[in-house]
Number of protein chains: 2
Amino acid sequence: MTIDIYISEVGPRDGLQSIKSIMPTEAKKAWVKAQYEAGTPEIEVGSFVPAKLLPQMADTAEITRYAASLEGLTVAVLAPNLHGVKAAVDNGAHKISVPFSMSESHSVKNVKKTHPQMLEEIARCCEYVKGISSSQKPTLEVGLSTAFGCTIEGEVKESTVVSMAEQVMALGVDEVGLSDTTGVGNPAQIKRLAQSIWQHCGRESLNGVHLHNTRGQGLANALMAVELGMTTLDSSLGGIGGCPWAPGASGNIVTEDLVFLLESMGLNTGIDINKLMQVRELVQQALPDESLYGFTPAAGLPKGWPYS
Amino acid sequence: MTIDIYISEVGPRDGLQSIKSIMPTEAKKAWVKAQYEAGTPEIEVGSFVPAKLLPQMADTAEITRYAASLEGLTVAVLAPNLHGVKAAVDNGAHKISVPFSMSESHSVKNVKKTHPQMLEEIARCCEYVKGISSSQKPTLEVGLSTAFGCTIEGEVKESTVVSMAEQVMALGVDEVGLSDTTGVGNPAQIKRLAQSIWQHCGRESLNGVHLHNTRGQGLANALMAVELGMTTLDSSLGGIGGCPWAPGASGNIVTEDLVFLLESMGLNTGIDINKLMQVRELVQQALPDESLYGFTPAAGLPKGWPYS
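Residues numbered from 1 in each chain as written. Chains lettered and ligands numbered in written order. Predicted model: local features only at pLDDT ≥ 70, side-chain atom pairs only at ≥ 80, totals over all residues.

## Things to note about the pairing of strand E3 (residues 74-78) of chain B
Residue and element names in this part refer to chain B. In terms of burial, E3 is a largely internal element, four of the five residues being buried. In terms of strand pairing, strand E2 (residues 42-47) meets E3 through five bridges, oriented parallel. Note that in E3 the partner of Glu42 across the bridge is Thr74. For the segment spanning E2, helix H3 (residues 60-68) and E3, crossover handedness is right-handed. Sheet topology places E3 next to strand E4 (residues 95-101); three bridges connect them, and they run parallel. Residue Ala76 lies in a different strand from E4, and its bridge partner there is Lys95. Each parallel crossover has a hand, and the one from E3 via helix H4 (residues 82-90) to E4 is right-handed. (Buried ≥ 20, exposed ≤ 12 C-beta atoms within 10 Å, placed from the backbone. Helix = DSSP H or I, 4+ residues; strand = E, 2+ residues; numbered from the N terminus. Pairing = 2+ DSSP bridges. Right-handed = clockwise from strand over helix to strand, strands pointing away.)

## What to know about the sheet that holds E4 of chain B
Residues and elements named next belong to chain B. Spatial strand order, E1-E2-E3-E4-E5-E6-E7-E8: eight strands in a closed barrel with parallel pairing. Each adjacent strand pair in this sheet contributes to an overall mean axis angle of 25°, direction not counted. Across four bridges, strand E6 (residues 175-179) lies against strand E7 (residues 206-210) in parallel orientation. Bridge pairing in E7 links Val176 to Leu206. (Axes fitted to C-alpha atoms, helices over the stretch in contact; angles between N-to-C directions.)

## Observations concerning the environment of Ile197 of chain B
All names here are of chain B. If you trace the backbone, Ile197 turns up in helix H8 (residues 187-201). You can call Ile197 buried: it has 24 C-beta atoms within 10 Å. Considered as a pair, Ile197 and Pro80 are 117 residues apart in the sequence and their alpha carbons are 22 Å apart. Setting aside anything within four residues of it in sequence, one finds Ile197 in contact with Val162, Ala165, Val176, Ser205 and Leu206. (Contact = placed C-beta atoms within 7 Å.)

## A word on the interface of chain A and chain B
Of the residues lining the interface, 43 residues belong to chain A; the matching set on chain B comes to 42 residues. Among the secondary structure elements, those contributing two or more residues to the side of chain A that touches chain B are helix H8 (187-201), helix H9 (218-228), helix H10 (255-264) and helix H12 (295-299) of chain A. The biggest single contributor to the side of chain A that touches chain B is H9 of chain A, with five residues. Considered class by class, the residues forming the side of chain A that touches chain B number 22 nonpolar, 17 polar and four charged. (Nonpolar A, V, L, I, M, F, W, Y, C, P; charged D, E, K, R; others polar.)

## Quick look at the sheet that holds strand E3 (residues 74-78) of chain A
Residues and elements named next belong to chain A. Taking strand neighbours around the barrel as the criterion, the eight strands line up as E1-E2-E3-E4-E5-E6-E7-E8 in a closed arrangement whose pairing is parallel. Strand-to-strand twist across the sheet, computed as the mean angle between neighbouring axes with direction ignored, equals 25°. When strand E7 (residues 206-210) meets strand E8 (residues 232-235), the two strands line up parallel, connected through three bridges. When the bridges of E8 are listed, Gly208 appears paired with Thr232. Its contacts with the sheet put H10 on strand E1 (6-9) and E8, and the angle it makes with E1 is roughly 175°.

## A closer look at the relation of the copies chain A and chain B
The transform that puts chain A on chain B rotates by 180° and translates by 0.0 Å along the axis, for an RMSD of 0.0 Å. Expressed as a symmetry operation, the mapping of one chain copy onto the other fits a two-fold axis. Considering only C-alpha atoms, the part of chain A nearest the rotation axis is Ala220 of chain A, at 1.9 Å. The fraction of interface residues of chain A whose copies in chain B are also interface residues reaches 98%, indicating that both copies meet through the same surface. (Least-squares fit on C-alpha atoms with pLDDT ≥ 70 in both.)

## Observations regarding the environment of Thr64 of chain A
Residues and elements named next belong to chain A. Relative to the assigned elements, Thr64 resides in helix H3 (residues 60-68). The class of Thr64 is buried, set by 24 C-beta atoms lying within 10 Å. For the pair Thr64 and Val45, spaced 19 residues apart in the sequence, the C-alpha separation amounts to 6.3 Å. When near neighbours in sequence (up to four residues on either side) are disregarded, Thr64 contacts Val45, Gly46, Val75, Val77, Ala88, Asn91, Gly92 and Ala93.

Listed below in structure tokens is the structure:
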């Protein structure tokens, strides 16, 4: 059966980089394998950043190589600069996402680069990827982070987001993604941003969103993305990395709840939700000190679900 | 400013009837008053059922009379039969909702009535309301409960829901509402059910939904309802009455999160979200042994929100 919506599991990257526990390499491999076997089409397995900055991501190269050995899995990684992009390519990543914060204050704070400096870095990444032979060439995406608002700047102008999308597409990236990094976005905003980006950069420029559930609005935003025709949604198993009950929490949308929502609507994700629940147990065992979230796992599947 | 979406606060009814604590009458009045002063246009203040069945609702007559004294507030109540409808009218309710379970097993278990017996009871209610002078005449609604599925029967046929909607509209009720009593519904189902009911019973027959957040899908369902043109959404302050982390939990969608979602989208609810947070504190003080839920209260409002 054709997959209608591609769920990109970002737990091993966005989830694990946000918690104190460091998951052992073998446990990460077991997670990636189990999630692959549950039918997840794409997994963001890590981030190519210095280990001293994010020790949780120190084994990203090894995890990337392992994931790339699983046939049919799209292996995504995050890389903040050319150095990371090169490492990602060297280790066989299929999709590389370069985060570009639409809030310049956030960009400076996070990666010590202004908007012009980030555009230069992205240009270098594009140049490098262009030179790779087609059999090895990855998809290069720019994640437009804080596209919906920022904890430092507050509102982020939609015209800035659209302009930056245009500039990076002109530099030669394959696509952009909309990231609600701080969990402030709403469905009307997604609609305006997506339609404006499509108008300025073409329909193929934007196919995915990265949503957080900070204010409970994650699945409503996901629904709007799907209604608009987006085909890739990021989510994190057990919402790892953010506690919805703690102030400032910024957890990703929960994979289990997203799969339940989409499959209930008759949209095929390729994921077996019962197997996904087992992956959850495996991850909980590997992270005994961390809380996993999700409503569907707590309530269980409805009687007789899925309905005919 | 015109209200775009009417939020009906059902906490004093659906919330309070689902918890062990019995809120004192004076605390209920304080809640209703505070929520009214925060701009809530409609409050479902109680249920006219025997006090021995639901002791939490024993003071519904008094609360109804009190709420009816607050100018401009739409006072809604639940009544399962003619006896309850009469009491509701006697105490000045503006809107009376008669719950009618689309799952016959659920109906028999809950109110000891088969579908034909419920239709007879609803006919008697219509007959009674018809005879009331226009100045006192309430809106009579039938809440199509378990319309999305049932914990006893599993799937509930959509043709049953539409047929029952047609039959009760023909009996003379003013409108029907779609209730996801058990928190199993999805946006595609809301769309199919609403469009089918509108086709068979006319556009004015259905304007509201009653959603639960059991599997985290509540706000996605609310978004679909709004996109379809529904104008009334039920929700419960602090999601009182259901613990999202306990199996079988069936809490209503959280008013605070719903207001944040809608107001973020530029839809006016008439509700001041900062005042609503204060109502939350008041209710928590009156229910020290109960948990209140909600993501927006935990995370706080975004910096600079609402954006221009």
